[in-house]
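Take a look at the letters that make up each chain.
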Amino acid sequence: MKETKEETKMIKQLYSIIQLDEAIKTMEAGADNIGLVPMQMGGVPAHRVPLYRVDQIHEECRLRGVKMVLIMLTNDPDEMIDLAKRLQPEILHVAGDGYTADEEFAKRLKEVAPDTELMQAVLVDGKGAIERAKKVDPFVDYILLDSGLAPDTGIGASGQTHDWNIDAEIVKSVNAKVIEAGGLGPDNVADAIKKIRPYGVDSLTKTSIKYDHGNMEKDIPKVKAFCEAADKAAAELGL
């Protein structure tokens, strides 16, 4: 088993994977982290991935040194802990519209999945996001800054950007690794990196093809362009 890509300067995180071949192509296009929604009581039904396929995708991640991120859109912490115990992801991303991880949750996660890191989504809808980020900072490994809030998609998946000045302030104010999300694509990821200087960048909407009934798949040329633009910007800044 290969180690994860610690040598990577700017982490590129791609959401939301559904199929095995899609996962492989996304990794080959440059993704360091791939995120998916395992079967749970939350999220868009068409985006949920059966657990057997999550296992298959995870094995391909291990072979390539890529981190698998489980996206939690359920608001039930017990269900999240059960999924973490069963699937043992590299990262558990709490993003529901009605639950925020706390210190007790972080402790429970470590008990059942000691190698799993915790990522908490923070909605950036104003300067109040700075205090929300500081509140979770002591017990999370990552803070993901995102736009939009809805029952089915939780924090994020809006395809909209937000005030990057707030994000830049959060990066300076917390110890956790900050992943920048919210309307990022090949066209603007370099600008976001230059403005915010995050640990990593995340893309869903602008690197996906969306079909009727909520179905979608990654647009691989756009994934590749996103990853290349992120790497180029990070290299120019020496990040």
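The present account deals with the structure reproduced in this document. It should be emphasised that the depicted structure is a prediction, and the values quoted were computed from it without experimental measurement. (Residues numbered from 1 in each chain as written. Predicted model: local features only at pLDDT ≥ 70, side-chain atom pairs only at ≥ 80, totals over all residues. Heavy atoms only, no water.)

## Observations regarding the packing of helix H1 (residues 20–28) against helix H2 (residues 51–64)
Working step 1: Two elements in contact, H1 and H2, have axes separated by 9 Å at closest approach and are oriented at 20°. In terms of orientation, H1 lies roughly parallel with respect to H2. Once H1 is placed against H2, the crossing between them reads as right-handed. Note on element contacts: H2 touches H1 through Arg53, Gln56, Ile57, Glu60, Cys61 and Arg64, opposite Leu20, Ala23, Ile24, Met27 and Glu28.
Working step 2: A per-class count over the contact of H1 with H2 returns 6 nonpolar, 1 polar and 4 charged. (Axes fitted to C-alpha atoms, helices over the stretch in contact; angles between N-to-C directions. Helix = DSSP H or I, 4+ residues; strand = E, 2+ residues; numbered from the N terminus. Parallel < 35°, antiparallel > 145°, perpendicular 65-115°, else oblique. Left-handed = near helix turned anticlockwise from the far one by under 90°. Contact = heavy atoms within 4.5 Å. Nonpolar A, V, L, I, M, F, W, Y, C, P; charged D, E, K, R; others polar.)

## Considerations on the packing of aromatic side chains
The description of an aromatic ring pair uses the distance of the two centres, along with the angle that the planes make with each other.
Working step 1: Under the definition given, this model contains 2 aromatic pairs.
Working step 2: Note that lysine 177 overlies the ring of tyrosine 199, its terminal NZ or CZ placed 5.5 Å from the centroid. (Phe/Tyr/Trp six-rings, centres within 6.5 Å; stacked < 30°, edge-to-face > 60°. Lys NZ or Arg CZ within 6 Å of the ring centre and 35° of its normal.)

## Structural notes on the pattern of salt bridges
Working step 1: The full count for this structure, using the stated rule, is 13 salt bridges.
Working step 2: For glutamate 117, the salt bridge goes to lysine 67, with nearest N and O atoms at 3.2 Å. One end of the pair, glutamate 117, is in strand S6 (residues 117–123); the other, lysine 67, is in strand S4 (residues 67–72), and 50 residues separate them in sequence. Of the two residues, glutamate 117 and lysine 67, neither departs from the other in class, the shared state being buried.
Working step 3: The structure contains a network of salt bridges with shared partners spanning Lys12, Asp32 and Asp231. (Salt bridge = Lys/Arg side-chain N within 4 Å of Asp/Glu carboxyl O. Buried < 20%, exposed > 50% of the residue type's maximum accessible area, 1.4 Å probe, protein only.)

## Some words on the nonpolar core
Working step 1: Within the largest apolar cluster, 60 residues are counted, with the highest numbers of intra-cluster contacts made by Ile34, Phe105 and Ile143.
Working step 2: With residues up to four places along the chain from it excluded, the contact list for isoleucine 34 reads Leu14, Ile17, Ala23, Thr26, Met27, Ile57, Cys61, Val66, Lys67, Met68 and Val69.
Working step 3: Ranked by size, the runner-up nonpolar core spans 16 residues in total, among them Val37, Ile71, Tyr142 and Ile179. (Core = buried A, V, L, I, M, F, W, Y, C linked by side-chain atoms within 4.5 Å.)

## Details of the state of the cysteines
Working step 1: Scanning the model with the defined rule gives 0 disulfides in all.
Working step 2: Cysteine cysteine 61 remains unbridged, with the sulfur of cysteine 227 as its closest cysteine sulfur at 14 Å.
Working step 3: Since its relative accessible area comes to 0%, cysteine 61 is described here as buried. (Disulfide = S-S within 2.5 Å.)

## Here we look at the pairing of strand S5 (residues 91–94)
Working step 1: Burial along S5 is two-sided: the residues Ile91 and His93 and Leu92 and Val94 are all buried.
Working step 2: Taken together, the 4 bridges between S4 and S5 define a ladder with parallel strand orientation. Each bridged residue has a counterpart across the sheet, and for methionine 72 the counterpart in S5 is valine 94.
Working step 3: Following the chain from S4 across helix H3 (residues 77–87) to the adjacent parallel S5, one finds a crossover that is right-handed.
Working step 4: The pairing of S5 with S6 spans 4 bridges and is parallel. Directly across from leucine 92, in S6, lies its bridge partner leucine 118.
Working step 5: Read from S5 through helix H4 (residues 103–112) to S6, the crossover connection turns out right-handed. (Pairing = 2+ DSSP bridges. Right-handed = clockwise from strand over helix to strand, strands pointing away.)

## Quick look at the pairing of S4
Working step 1: Summarising burial for S4: 6 of the 6 residues are buried, a large majority.
Working step 2: When strand S2 (residues 33–38) meets S4, the two strands line up parallel, connected through 4 bridges. Within S4, the residue paired with isoleucine 34 across the bridge is methionine 68.

## Section: the side chain of serine 208
Working step 1: By secondary structure assignment, the location of serine 208 is in strand S12 (residues 208–210).
Working step 2: Within the structure, the side chain of serine 208 is placed 2.9 Å from the side chain of lysine 218, a separation counted as a polar contact.
Working step 3: When residues no more than four places from it in sequence are discounted, the contact partners of serine 208 are Tyr15, Met216, Glu217, Lys218 and Asp219. (Polar contact = N/O pair within 3.5 Å; in protein donor to acceptor, adjacent residues only side chain to side chain.)

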